[in-house]
Amino acid sequence: MPQRMPEPMSSLSSTVQNRDVRQLGINPNHWYVVARSSEITHQPVGVTLWQQAIALYRDRTGKVHALEDRCPHRQVKLSHGQVMVDELECAYHGWRFNSAGECAAVPYLAANQKLPSCKIRRYPVKEQDGFIWLFPGEREPSVEPLGLPEWEHLNYIATVSIINCQAHYSYLIENLMDMYHGHLHQDLQAWAEASLQDIDEDIHRIDAHYTAQSFYKIDKIWSISQLFFPALRRLHPEPLDVSYVYPHWVSTLGKDFKIYCLLCPVSETQTKAYLIHFTSLNSFWRLHKLPIWFRRFVKDSLFGAAQKLLDGLVIQDVKMIEEEQQAYLQNPARRSYELNRALVSVQRLMRSQVERLK
Ligand code: FES
Ligand SMILES: [Fe+2]
């Protein structure tokens with residue numbers, strides 16, 4: 001049998017270029033979102049990011065830590081245990097691990113025994129803008145989390161919806177970058193008549209510029225009620241910009257709305273994501289003159305104002321995305337037909353992000 005020669009770089013590149021996008025891995029050298037801040041307490045929580053089980057917990061000072069969710073003693077999940085004096089204690093035999101992942105205590109260690117030298121992986125983790133950002137790369141992070149400046153800003157009202165879909169992350173990003181699917185959401189009146197104008201593209205992001213009709217105009221404080229009462233809505237043209245800022249997604253519709261989708265790809269056929277919708281009060285100029293406590297009160301009491309809309313959009317999108325994945329699994333070779341050139345750019349970015357790891 002002739003021996004297989006190692007592949008030269010150029011043919012490796014073309015292998016990645018030709019590889020099915022539905023089987024692409026992720027570039028781990030980015031910050032992914034693994035939980036909302038409010039989900040993480042002193043009780044450990046298990047999450048999964050691209051097949052890696054991770055235990056998240058807070059120490060006494062409230063700082064969040066992320067450790068591999070595996071006790072090296074008998075390989076059970078550490079997230080079933082508890083936090084004891086800032087250490088993560090396994091539920092089974094009570095071994096404890098510090099935030100560096102080192103075994104710090106074994107309750108039945110004999111006087112003549114040393115602590116086992118086993119160590120589990122710790123992940124860089126940050127709490128920022130209401131979310132827990134985790135860096136799964138092997139090297140120390142050289143980039144910052146995307147961040148959501150509107151989360152704390154008093155002029156923005158937030159709504160959060162969680163996406164759990166049984167599909168590869170590429171289906172979700174393509175759904176979010178293809179504004180022609182407003183057709184699916186006609187009954188929810190999110191946007192209408194999208195038309196792609198222009199695409200900007202580099203190695204980190206794709207910006208697709210559409211024009212569209214918006215149903216909402218948030219120019220007075222009472223106009224927030226358009227989110228609840230369809231009869232108050234009026235169609236009018238607005239720029240609609242959608243960006244794939246690898247690995248996340250950001251969009252703006254006119255000056256009134258900004259939406260983020262923060263990704264946590266779980267596996268090749270499962271994706272979790274957090275959709276965050278901000279309604280801007282910027283054009284209500286009198287608001288700026290009101291006391292901070294009152295503005296905070298308005299922001300907090302209107303939290304979730306777009307919940308019905310956002311949850312409705314997610315249900316409709318997830319159904320389509322999961323059907324796409326199922327159809328792919330049944331017949332991976334079947335060709336699809338695409339007319340939106342933004343999706344060509346999106347697939348190119350996904351591939352090049354993975355190719356950069358080679
Ligand atoms: S399995 Fe974790 S302490 Fe034994
Ligand atoms: Fe959608």
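Residues numbered from 1 in each chain as written. Chains lettered and ligands numbered in written order. Predicted model: local features only at pLDDT ≥ 70, side-chain atom pairs only at ≥ 80, totals over all residues.

## A look at the nonpolar core
So, point 1. Judged by nonpolar contacts, the single largest core of 82 residues is most densely connected at Val-33, Val-34, Leu-56, Ile-132, Leu-134, Leu-172 and Met-177.
So, point 2. Of the residues forming this core, the biggest block, eight residues, is contributed by strand E16 (residues 257-267).
So, point 3. With residues up to four places along the chain from it excluded, the contact list for Val-34 reads Val-47, Leu-49, Ile-54, Leu-56, Ile-132, Leu-134 and Cys-264. (Core = buried A, V, L, I, M, F, W, Y, C linked by C-beta atoms within 7 Å. Buried ≥ 20, exposed ≤ 12 C-beta atoms within 10 Å, placed from the backbone. Helix = DSSP H or I, 4+ residues; strand = E, 2+ residues; numbered from the N terminus. Contact = placed C-beta atoms within 7 Å.)

## Describing the pairing of strand E13 (residues 205-214)
So, point 1. Of the two faces of E13, the one holding Ile-206, Ala-208, Tyr-210, Ala-212 and Ser-214 is buried and the one holding Arg-205, Asp-207, His-209, Thr-211 and Gln-213 is not buried anywhere.
So, point 2. In terms of strand pairing, strand E12 (residues 191-201) meets E13 through eight bridges, oriented antiparallel. The partner of Ser-195 across the bridge, within E13, is Thr-211.
So, point 3. In textbook terms, the turn of a hairpin is the stretch between consecutive antiparallel strands, and for E12 and E13 this stretch comprises three residues.
So, point 4. One ladder, built from ten bridges, connects E13 with strand E14 (residues 236-245); its direction is antiparallel. Residue pairing for E14: Ser-214 is matched across the bridge by His-236. (Pairing = 2+ DSSP bridges.)

## Considerations on the domain arrangement of the chain
So, point 1. Assigned domains of the chain: these are domain 1 (32-134) and domain 2 (156-355).
So, point 2. Distance between the C-alpha centres of domain 1 and domain 2: 34 Å.
So, point 3. Contact with domain 1, which involves nine residues of that partner, is made by eight residues of domain 2.
So, point 4. Those elements that provide at least two residues to the side of domain 1 that touches domain 2 are strand E1 (32-36) and strand E2 (45-49).
So, point 5. With four residues, E1 is the largest single contributor of residues to the side of domain 1 that touches domain 2.
So, point 6. Class assignment of the residues belonging to the side of domain 1 that touches domain 2 gives a composition of six nonpolar, two polar and one charged. (Domains from an automatic or database assignment. Nonpolar A, V, L, I, M, F, W, Y, C, P; charged D, E, K, R; others polar.)

## Regarding the confidence of the model for the chain
Detailed reading of predicted coordinates is not advised where the pLDDT is low.
So, point 1. Scored by pLDDT, the chain comes out at a mean of 89, with 91% of its residues at no less than 70.
So, point 2. Taken together, the stretch residues 1-17 has pLDDT below 50 and engages in seven contacts with residues farther than four places along the chain or on a different chain. (pLDDT = per-residue confidence, 0-100.)

## Considering the sheet that holds strand E11 (residues 156-165)
In a beta sheet, neighbouring strands pair by backbone hydrogen bonds and run either parallel or antiparallel.
So, point 1. Pairing is antiparallel across the open sheet formed by seven strands, whose spatial order is E11-E17-E16-E15-E14-E13-E12. Both outer strands of the open sheet, E11 and E12, are each paired with one neighbouring strand and no more. With direction set aside, neighbouring strand axes in the sheet form an average angle of 15°.
So, point 2. On top of the sheet, helix H2 (residues 169-177) reaches E11, E13, E14, strand E15 (248-253), E16 and strand E17 (270-280); it is set at about 155° to E14, its chief contact. (Axes fitted to C-alpha atoms, helices over the stretch in contact; angles between N-to-C directions.)

## Looking at the sheet that holds strand E10 (residues 131-134)
So, point 1. The three strands lie next to each other as E1-E10-E9, forming an open sheet whose pairing is antiparallel. The sheet terminates laterally at E1 and strand E9 (125-128), the two strands that pair on one side only. Averaged over all neighbouring strand pairs, the angle between strand axes comes to 30°, with direction disregarded.
So, point 2. Relative to E10, E9 runs antiparallel, the two sharing four bridges. Pairing of Lys-126 across the sheet is with Trp-133, part of E10.

## Concerning the packing of H2 against helix H5 (residues 341-355)
So, point 1. H5 packs onto H2 with a crossing angle of 145° between their chain directions and a minimal axis gap of 10 Å. Helix-helix and strand crossings are classified by hand; for H2 and H5 the assignment is right-handed. Here H2 contributes Ser-170, Ile-173, Glu-174 and Met-177 to the contact with H5, which in turn contributes Ala-342, Leu-343, Val-346 and Met-350. (Left-handed = near helix turned anticlockwise from the far one by under 90°.)

## Thoughts on unusual backbone geometry
So, point 1. The omega torsion of the bond from Tyr-246 to Pro-247 falls at 5°, within 30 degrees of zero and hence cis.
So, point 2. Looking at the secondary structure, you find Pro-247 in the loop between E14 and E15.
So, point 3. Located in the positive-phi region is Val-85, a residue other than glycine, with phi close to 45°.
So, point 4. One can find Val-85 in the loop between strand E5 (82-84) and strand E6 (87-89).
So, point 5. On the neighbour-count criterion, Val-85 (10 C-beta atoms within 10 Å) is exposed.

## Topic: the environment of Leu-290
So, point 1. Tracing the backbone through its elements, the reader meets Leu-290 in the loop between E17 and helix H3 (292-301).
So, point 2. Residues Leu-290 and Phe-215 lie 75 residues apart in sequence; the distance between their C-alpha atoms is 28 Å.

## Quick look at the packing of H2 against helix H4 (residues 307-330)
So, point 1. Where H2 contacts H4, the axes come no closer than 10 Å and their chain directions differ by 135°. Comparing their axes, H4 and H2 come out oblique. Seen from above, H2 lies across H4 with right-handed handedness. For the pair H2 and H4, contact is made by Tyr-171, Leu-172 and Asn-175 and by Asp-317, Met-320, Ile-321, Glu-324 and Gln-325, respectively.
So, point 2. Partitioning the contact of H2 with H4 into residue classes produces four nonpolar, two polar and two charged. (Parallel < 35°, antiparallel > 145°, perpendicular 65-115°, else oblique.)

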